[in-house]
Amino acid sequence: MSLELDNFYLKQEEPNKGCLLALRQIILSQDSEITHTLKYSMPFFCYKGKMFCYLWVHKTNNKPYLGIVEGKHFDNPELISEKRSRMKTMLFDPNEDLPIGTIKAIIEKAIGLYKSGEIKIK
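The structure contained in this document is the topic of the report that follows. Every value quoted in this text rests on a predicted model; they were computed, and no experiment measured them.

A word on the packing of helix α2 (residues 16-28) against helix α3 (residues 100-115). When two helices pack together, their arrangement is captured by the angle between the axes and the distance separating the axes. At a minimum axis separation of 10 Å, α2 and α3 run at an interaxial angle of 50°. Compared by their axis directions, α2 and α3 come out oblique. The element α2 and its partner α3 pack so that their crossing is right-handed. Contacts from Leu23, Ile26 and Ile27 of α2 reach α3 at Ile100, Ile103, Lys104 and Ile107. Residues of the contact of α2 with α3, tallied by class, amount to six nonpolar, no polar and one charged.

Right, here's the structure in full:
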């Protein structure tokens, strides 16, 4: 990981910092082809070089969230579009336990879009 990427997490305040670090670990543990990079000053996760999700903190409510790049392919009630046509997000309360099963299922489905060829990898 790059120093810039590490610094993104280190500069977050608790409890968001711990929540984001836990989310990072959950995502990276899903598949050995997942890489972690900084794009647009945000931590992005790529599958075989193609961006598929990212982590960020919501501007208005200061809650961490997981953004799914191809969210339009999902109909999970946990994912919201917030006026976005392509991406959807899942907000987290950093003071509560993460819904790990739900997160893993969403990540698995997101990666599946690329594995199946539904979303082309260069």
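Back to the text.
Now for the side chain of Asn16. Positionally, Asn16 belongs in helix α2. Exposure remark for Asn16: the relative accessible area of 6% places this residue in the buried category. The residues touching Asn16, leaving out its near neighbours within four places in the chain, are Val57, Asn62, Pro64 and Pro94.

As enumerated under the stated definition, the model contains zero disulfides in all. Note on Cys19: no disulfide assigned, nearest cysteine sulfur contributed by Cys53 at a separation of 14 Å. Look at Cys19 and you get buried, because its relative accessible area is 6%. A disulfide-free cysteine, Cys46 has its sulfur positioned 8.8 Å from the sulfur of Cys53, the nearest such atom.

In this sheet, strand β2 (residues 42-47) lies alongside strand β1 (residues 34-39) in antiparallel orientation, the contact comprising six bridges. Bridge pairing in β2 places His36 opposite Phe45. Hairpin remark: β1 followed by β2, antiparallel, with two residues in the connecting loop; positive phi at Tyr40, about 55°.

Pro15 follows Glu14 through a cis peptide bond whose omega is 5°. Mapped onto the elements, Pro15 comes out in the loop between α1 (3-10) and α2. Located in the positive-phi region is Tyr40, a residue other than glycine, with phi close to 55°. Looking at the element boundaries, Tyr40 is found in the loop between β1 and β2. The backbone phi angle of Glu82 is positive, close to 40°, even though this residue is not glycine. As for its placement among the helices and strands, Glu82 is situated in the loop between β4 (64-68) and β5 (88-91). The exposure class of Glu82 is partly exposed, given its relative accessible area of 36%.

Cut-offs used in this document
Residues numbered from 1 in each chain as written. Predicted model: local features only at pLDDT ≥ 70, side-chain atom pairs only at ≥ 80, totals over all residues. Heavy atoms only, no water. Axes fitted to C-alpha atoms, helices over the stretch in contact; angles between N-to-C directions. Helix = DSSP H or I, 4+ residues; strand = E, 2+ residues; numbered from the N terminus. Parallel < 35°, antiparallel > 145°, perpendicular 65-115°, else oblique. Left-handed = near helix turned anticlockwise from the far one by under 90°. Contact = heavy atoms within 4.5 Å. Nonpolar A, V, L, I, M, F, W, Y, C, P; charged D, E, K, R; others polar. Buried < 20%, exposed > 50% of the residue type's maximum accessible area, 1.4 Å probe, protein only. Disulfide = S-S within 2.5 Å. Pairing = 2+ DSSP bridges.

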